[in-house]
Amino acid sequence: MKTIALLLLVFLQLTMTTLLSANEWNDIEGTYAITGASVVDPLEDEPVNSHIRLSLSGETAKHLYDAMKAEAVVDECTGARAKNIGEMQCLFYEGDASYECYFSINIATQRIEYGIPC
C-alpha cells in the first residue's frame, strides 16, 4: 500500500511539474535580423526595415517543433524532418539531433511570413 501511495505521489509531482513548466518563460536561443520583405533581390524602393526575421535554435527550436501540430516531412532543401504551419518552418536534423526554426514577422501587419528561401 505504501508503494502505491509513493508511486501516486511521484506521478502527481511529475504531472504538476510538466503542467507548470509549460507556462514557464525561457531565454530564446537564436538570431534575428531586421530586413525588407525580400531577402533575395529586393526592389530598389523596398523598405529595408519592414520585417523581423527569426532563426531559432537549440531548445527553443525543439520546443516550437514539438508544439507544432503538423506531420513531419522530408524538407527538399535540407533533407531534415520539417514541420510547416503556414509560413513557419521548423527542422529536425536527425544526424546531429539538432533543431532550427525559421520565420519572419511583417512588422506593419503583424503577420508571420517565410523565414529563409530554399
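Model, not experiment: these values are computed from the prediction. (Residues numbered from 1 in each chain as written. Predicted model: local features only at pLDDT ≥ 70, side-chain atom pairs only at ≥ 80, totals over all residues. Heavy atoms only, no water.)

### Quick word on the environment of Asp 27
At step 1: Its place among the elements puts Asp 27 in the loop between helix 1 (2-21) and strand 1 (30-35).
At step 2: With 32 residues separating them along the chain, Asp 27 and Glu 59 place their C-alpha atoms 9.6 Å apart. (Helix = DSSP H or I, 4+ residues; strand = E, 2+ residues; numbered from the N terminus.)

### Here's the deal with a nonpolar patch on the surface
At step 1: On the surface, a nonpolar cluster with roughly 330 Å² of combined accessible area is contributed by Tyr 32, Ile 34 and Ile 107.
At step 2: When you line up the elements, Ile 34 lands in strand 1.
At step 3: For Ile 34, a relative accessible area of 45% puts it in the partly exposed group. (Patch = residues over 30% accessible without salt bridge, like charges linked within 9 Å, V, L, I, M, F, W, Y side chains within 5 Å. Areas by Shrake-Rupley, 256 points an atom, 1.4 Å probe, with all protein chains shown as cover. Salt bridge = Lys/Arg side-chain N within 4 Å of Asp/Glu carboxyl O. Buried < 20%, exposed > 50% of the residue type's maximum accessible area, 1.4 Å probe, protein only.)

### Comments concerning the pairing of strand 6 (residues 98-106)
At step 1: Pairing analysis gives seven bridges linking strand 2 (residues 51-57) to strand 6, with the strands arranged antiparallel. In the sheet register, His 51 faces strand 6, and the bridge partner there is Asn 106.
At step 2: Pairing of strand 5 (residues 88-93) with strand 6 involves five bridges; the strand directions are antiparallel. In the sheet register, Leu 91 faces strand 6, and the bridge partner there is Glu 100.
At step 3: Between strand 5 and strand 6, which pair antiparallel in sequence order, lie four residues; one of them, Ala 97, sits at a positive phi of approximately 50°.
At step 4: Bridging between strand 6 and strand 7 (residues 111-113) involves three bridges; their strand directions are antiparallel. Opposite Ser 104, over in strand 7, you have Glu 113 as the bridge partner.
At step 5: Counted between consecutive antiparallel strands, the loop separating strand 6 from strand 7 contains four residues, among which Gln 110 sits at a positive phi close to 60°. (Pairing = 2+ DSSP bridges.)

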